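Take a look at the letters that make up each chain.
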Amino acid sequence: MGVMKRMSGILQAKTNKMLDKAEDPRDSLDLSYQKLLENLQKVRRSVADVTTAKKRIELQATQLQGQADKLQQQAKDALGQNREDLAREALARRAALEPQLTDLQTQHQQVADQEKKLIVTAQNLQTQVDAFRTKKETMKATYTAAEAQTKIGEAVSGISESMGDAGMSVQRAQDKIDSMQARAGAMDELLASGALTDLTNPVDDIQAQLDQVSATSTVDNQLAALKAEIGAGAPAQIGPAEGEAPGGPGGVPA
Amino acid sequence: MIVRILGEAQFDVPDTDRSTLDDLEHALNAAVEGNDEAAFASSLAALIDAVRRTGNPLAPDSFTSSDLVVPFSDATLDETKALLKEPGGERA
């Protein structure tokens, strides 16, 4: 048996679980309509879940990108201060972020695709809800109990199959979100621990060293300025006067 | 015959196009059996394309059961194999 027939069997099995056996087939129309409404709510909730997952990934990507940009700027600053070693370190860390960013972009694309599909599923179900609401009343009024048996049975099977399909779409989206949530949780932990980069601390170690370099050069500059000033006047006496014995004038000779 | 593409819609495919779908499905079956991811993706895409091309989309208020069901258009081989193990998917 081929894949298409087997898939049909699976959908049928899911559908059968949903069907309620009503005494009067006309009652099964109302039951199916109720289920259809519940199904629509479920799909809408799933759309909201997918959208939330998408936003979480977007937030993480923004954080990571911000860190990559910061490292790029630090590399530039380091080169400006002739600290090639620091620039190299900053660029190496930036490169380590790239695969994470690519992974987030892939995940984002997948979630966005799921979102788009579920929105279409919700729209289709809404159309069916509207159509079924009218049709079930027409069928109830038109068919005798005997006719209803087959005609209504067909319609109910058809509508249940649509619900089975929607149910599978929701399950599929949920599975994808679940696996992504696990990865997103791990990413949050990495971001929080600073193992990837320290986003919480405004001054990281590269920045600290850059600041150190610039502080040192400020001191050097000020020192040079002072020396120039002193050099223009009389040489200054620095330190204790020569010839003075250690221990001071009141010391006891050995 | 009525063919459903999971997650999308139902199509009424003329019986005269049955053999076209059969040929494409053979390739899909072989890909699943042979665990060939690339062949699975290409044969699934070809099958879906044929259903869309030869079939007429059913109106949403037709409420009809399908004779055949095609996996989600972006289904993976692993996902499909897992699905085929579910109740109703027995090879028979």
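What counts as what
- Residues numbered from 1 in each chain as written.
- Chains lettered and ligands numbered in written order.
- Predicted model: local features only at pLDDT ≥ 70, side-chain atom pairs only at ≥ 80, totals over all residues.
- Heavy atoms only, no water.
- Contact = heavy atoms within 4.5 Å.
- Buried area = accessible area lost by both parts, 1.4 Å probe.
- Salt bridge = Lys/Arg side-chain N within 4 Å of Asp/Glu carboxyl O.
- Polar contact = N/O pair within 3.5 Å; in protein donor to acceptor, adjacent residues only side chain to side chain.
- Helix = DSSP H or I, 4+ residues; strand = E, 2+ residues; numbered from the N terminus.
- Nonpolar A, V, L, I, M, F, W, Y, C, P; charged D, E, K, R; others polar.
- Phe/Tyr/Trp six-rings, centres within 6.5 Å; stacked < 30°, edge-to-face > 60°.
- Buried < 20%, exposed > 50% of the residue type's maximum accessible area, 1.4 Å probe, protein only.
- Axes fitted to C-alpha atoms, helices over the stretch in contact; angles between N-to-C directions.
- Parallel < 35°, antiparallel > 145°, perpendicular 65-115°, else oblique.
- pLDDT = per-residue confidence, 0-100.

A.B. asks: Could you give an account of the interface of chain A and chain B, naming the residues involved and the relevant values?
C.D. replies: Each partner contributes residues to the interface: chain A has 33 residues there, and chain B has 39 residues. Carbon and sulfur atoms make up 57% of the area that chain A and chain B hide from each other, which totals about 3100 Å². Summed over the shared surface of chain A and chain B, the result is six salt bridges. Close ionic contact of Arg-172 of chain A with Glu-79 of chain B constitutes a salt bridge, the shortest N to O distance being 2.3 Å. Viewed at the interface, chain B and chain A are joined by 18 residue pairs in polar contact (both at pLDDT 80 or more). At the level of secondary structure, the elements contributing two or more residues to the side of chain A that touches chain B comprise helix 1 (3–18), helix 3 (84–142) and helix 4 (145–193) of chain A. Tallied by class, the residues present in the side of chain A that touches chain B amount to twelve nonpolar, twelve polar and nine charged.

A.B. asks: Provide a residue-level description of the environment of Ala-30 of chain B, including the pertinent values.
C.D. replies: Mapped onto the fold, Ala-30 of chain B is located in helix 1 (residues 18–33). Ala-30 of chain B sits eleven residues away from Ser-19 of chain B along the chain, and the two C-alpha atoms are 17 Å apart.

A.B. asks: Could you give an account of the packing of aromatic side chains, naming the residues involved and the relevant values?
C.D. replies: Tallied over the entire structure, the rule returns one aromatic pair over all chains. Considering the side-chain rings of Phe-132 of chain A and Phe-63 of chain B, the 5.0 Å spacing of their centres and the 85° angle between planes classify their relative orientation as edge-to-face. Pair noted here: Phe-132 of chain A is in helix 3 and Phe-63 of chain B is in the loop between strand 3 (56–57) and strand 4 (68–70), and the two residues belong to different chains. For the pair Phe-132 of chain A and Phe-63 of chain B, one class covers both residues: buried.

A.B. asks: Can you tell me about the packing of helix 1 of chain A against helix 1 of chain B, naming the residues and giving the values?
C.D. replies: Between helix 1 of chain A and helix 1 of chain B, the shortest axis-to-axis distance is 9 Å and the interhelical angle comes to 80°. By the angle between their directions, the pair helix 1 of chain A and helix 1 of chain B is classed as roughly perpendicular. Contacts between helix 1 of chain A and helix 1 of chain B involve Val-3, Met-4, Lys-5 and Arg-6 of chain A from the former and Leu-21, Glu-25, Leu-28, Asn-29, Val-32 and Glu-33 of chain B from the latter. Each residue belonging to the contact of helix 1 of chain A with helix 1 of chain B can be placed in one class, and the counts come to five nonpolar, one polar and four charged.

A.B. asks: If you had to explain the confidence of the model for chain A to someone new, which residues and values would you point to?
C.D. replies: Residue and element names in this part refer to chain A. Per-residue pLDDT for chain A averages 81, and the proportion of residues at 70 or more is 85%. Low confidence marks residues 198–202, where pLDDT is under 50. Its contacts with residues over four positions away, or in another chain, come to six contacts. Here residues 241–254 is modelled with pLDDT under 50, and outside its nearest four sequence neighbours on either side it reaches one contact, counting other chains as well.

A.B. asks: Would you mind going over the side chain of Lys-54 of chain A in detail, with residue names and values included?
C.D. replies: All names here are of chain A. Looking at the element boundaries, Lys-54 is found in helix 2 (residues 25–80). For Lys-54, a relative accessible area of 17% corresponds to the buried category. A distance of 2.8 Å separates a polar atom in the side chain of Lys-54 from a polar atom in the side chain of Glu-115. Apart from residues no more than four positions distant in its own chain, Lys-54 is found in contact with His-108, Val-111, Ala-112 and Glu-115.

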